[in-house]
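Tertiary structure, described
For reference, the chains in residue letters:
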Amino acid sequence: MGLLLSLLKGGAGDDIVVDFENARPTEHEREIFDTAHQVLHRSNDILEALRNYQPATEFVQKALGQSNDEAVLRTSYEEIIKRVVIVNSFYEYSQELADLLPKLLAKLSQWSSADSASDAAATLSNQQAIAKQMADLLNFLICFDEMKMRQPALQNDFAFYKRNFARISRMFDVTVSEQNTNAASLWLAEASPMMSTMAQPTARLFRDNRDVLTTLGAMSNICGSMVRKKRFESVETNLFCLRAMVGAIILYDHVHPIGAFHRRSEIKMSKNIDLLLSFTAASTENLLNVLRYSSKHLNDDSTPASIQDKLSESR
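A brief look at the structure comes next. Predicted model only: the values in this text are computed from it and were never measured.

Thresholds applied
Every chain is numbered independently, its residues counted from 1 as its sequence is written. The predicted nature of this model means local features are confined to residues of pLDDT at least 70 and side-chain atom pairs, given and counted, to a pLDDT of 80 or more, with totals for whole chains, interfaces and linings taken over all residues. For side-chain calculations, the full set of non-hydrogen atoms in the structure is used, while hydrogens and water are omitted. A helix here means a DSSP run of H or I that spans at least four residues, while a strand means a run of E at least two residues long, and both kinds are numbered starting from the N terminus. Whether a residue is buried, partly exposed or exposed follows from its accessible area with a 1.4 Å probe, protein chains only, as a fraction of its type maximum: under 20%, in between, or over 50%, in that order. When checking whether two residues touch, look at their non-hydrogen atoms; a contact exists if any pair is within 4.5 Å. In short, Shrake-Rupley with a 1.4 Å probe defines the accessible areas, and a residue's cover is counted only from the protein chains shown. For salt bridges, the criterion is a side-chain nitrogen of Lys or Arg within 4 Å of an Asp or Glu carboxyl oxygen. Whenever two N or O atoms come within 3.5 Å, that pair is a polar contact, provided that in protein one can donate a hydrogen and the other can accept it, and provided that, for residues adjacent in sequence, both atoms are side-chain atoms. The pairing test for Phe, Tyr and Trp rings, Trp by its six-membered ring, is centres within 6.5 Å, and the orientation test on the planes gives stacked under 30 degrees, edge-to-face over 60, and tilted for anything in between. Each direction from the helix axis to a C-beta atom contributes to the arc, which is the arc of those directions. Lines fitted to the C-alpha atoms define the axes, with helices restricted to the stretch that makes contact. Angles between their N-to-C directions range from 0 to 180 degrees. Should the near helix be turned anticlockwise from the far one by less than a right angle, the crossing is termed left-handed; should it be turned clockwise, right-handed. Side-chain classes are defined by residue name, with Ala, Val, Leu, Ile, Met, Phe, Trp, Tyr, Cys and Pro counting as nonpolar, Asp, Glu, Lys and Arg as charged, and the others, Gly among them, as polar.

Re the overall build of the protein
Helix and strand counts for the protein come out as 16 helices and zero strands. Counting across all 315 residues of the protein, residues that qualify as buried make up 55%. For the protein, restricting intrachain contacts to residue pairs at least 6 apart in sequence, the fraction spanning at least 24 positions comes to 78%. Within the structure as shown, the protein displays about 14600 Å² of accessible surface, and the carbon and sulfur contribution to it stands at 46%.

Here it is in structure tokens:
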């Protein structure tokens, strides 16, 4: 991880390659890697469930329009409950990630500021598998929140269940409790619920270990550098790097007292935005929109006008 710091200072870190395609855990990483794998291996299933989510609009309308018809009401409630269970699984998964994230960040933020370049390189190379898992998590946050924005029915279906909980729970033995319903409803109300959830444990960790934001800044810079230097041939791996780059920026921006965009930021913001603007192998408009609309400090007075202009002019 010391070598991560050298990247921030513009040194040898520009030549770092974290092998996102082939990283394997060392014995030193094994314990935290296995813990993270137990959570992260389900991320694709969560994204698939969100991608394939079928709104309960038809059944909500039937329940509202034929509320005196017991048979229609029961059938409609059954279908709505199925959706609620799915949405609640998203919320519960966010809580698992919120427990995992500080463990990964803490492990990746253990270094000595006196490390030489060679010592720092060895430190990073010994934690590549965990760095890959951190990038996996950041990718998931970006992908989930983007898809959630395109699924307004999630919130509508859940809101109906919440309003009618008393009646539904009298008719069915529901598995999503009223307490969970209230918590999940607040979570769904966030524009970027996964990223917002991760900001809270990261902020708590930051109070005890201020190096965690340096780690996030380094993750963003390294991912950007690898794409600029064409370290990977695969378009998907490059997009993976770009999503991790942007995810690290947003998380950093939500936790740092003055954000990620100010002149003293550890993130090479101008270069990273230029990279998104110039990447031609696939569209990066969604990632630019994440920076525009999910950041906390972009429009602060401390943000250089050049940064604001890059994101404004590219719309």
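Some points on the pattern of salt bridges
Applying the stated criterion across every chain yields a total of 12 salt bridges. For Glu 79, the salt bridge is made with Lys 82, and the minimal N-O distance between the two is 3.3 Å. Taken as a pair, Glu 79 and Lys 82 lie in helix H5 (residues 70-108) at a separation of three residues, close to a single helical turn. For Glu 285, the salt bridge is made with Arg 292, and the minimal N-O distance between the two is 2.9 Å.

Some thoughts on the side chain of Gln 133
Position of Gln 133 among the secondary structure elements: in helix H7 (residues 128-149). For Gln 133, the side chain forms a polar contact with the main-chain oxygen of Phe 33, separated by 3.0 Å. Gln 133 has contacts with Ile 32, Phe 33, Ala 36, His 37, Leu 40 and Leu 104, leaving out every residue within four places of it along the chain.

Observations concerning the packing of aromatic side chains
What describes a pair of aromatic rings is the distance from one ring centre to the other and the angle between the planes of the rings. Under the criterion given, the structure shown has 10 aromatic pairs. Taken together, a centroid distance of 6.3 Å and an interplanar angle of 50° make the contact between Tyr 77 and Phe 160 tilted. Of this pair, Tyr 77 sits in helix H5 while Phe 160 sits in helix H8 (residues 153-163), and the two are 83 residues apart along the sequence. Overall, the relative accessible area of 1% leaves Tyr 77 in the buried class. Judged by relative accessible area, Phe 160 falls into the buried class, the value being 1%. On the numbers, 5.3 Å between centres and 85° between planes, the contact of Tyr 93 with Phe 140 is edge-to-face. Here the residue Tyr 93 occupies a position in helix H5, and Phe 140 occupies one in helix H7, the gap between them amounting to 47 residues. Phe 140 shares its class with Tyr 93; the two are buried.

A short note on helix H14 (residues 269-278)
Taken as a whole, H14 has its buried residues at Met 269, Asn 272, Ile 273, Leu 275 and Leu 276. Seen from one end, H14 has its buried residues packed into an arc of 150°, which puts them on one side.

Some words on the packing of H5 against H8
Here H5 crosses H8 at 115°, and the two axes come no closer than 9 Å. Taken as a pair, H5 and H8 cross one another with a handedness that is left-handed. In contact with Tyr 77, Ile 80, Ile 81, Arg 83, Val 84, Val 87, Asn 88 and Phe 90 of H5, H8 contributes Leu 154, Asp 157, Phe 158, Phe 160 and Tyr 161. Among the residues making up the contact of H5 with H8, the classes are represented as 10 nonpolar, one polar and two charged.

Re unusual backbone geometry
Even without being glycine, Lys 230 reaches a positive phi, approximately 55°. With respect to the secondary-structure elements, Lys 230 resides in the loop between helix H12 (211-228) and helix H13 (235-255). Residue Lys 230 is classed as exposed on the basis of its relative accessible area, which comes to 70%.

Looking at the environment of Arg 228
Mapped onto the elements, Arg 228 comes out in helix H12. Overall, Arg 228 belongs to the partly exposed group, its relative accessible area being 31%. One polar contact links the side chain of Arg 228 to the main-chain carbonyl oxygen of Lys 271, over a distance of 3.5 Å. One polar contact links Arg 228 to Asn 272, side chain to side chain, over a distance of 3.3 Å.

Description of the side chain of Thr 214
Here Thr 214 is to be found in helix H12. For Thr 214, a relative accessible area of 9% corresponds to the buried category. In terms of polar contacts, Thr 214 uses its side chain to reach the side chain of Glu 266, at 2.7 Å.

Structural notes on helix H3 (residues 43-51)
Of all the positions in H3, only Ser 43, Ile 46, Leu 47 and Leu 50 are classed as buried. Projected down its long axis, H3 shows its buried positions confined to an angular sector of 95°, all on one face. Across from the buried face of H3, at angles greater than 90 degrees, the exposed residues are Asn 44 and Asp 45. Tucked into the core, H3 has its buried residues touching helix H2 (30-40), H5, H7 and H8.

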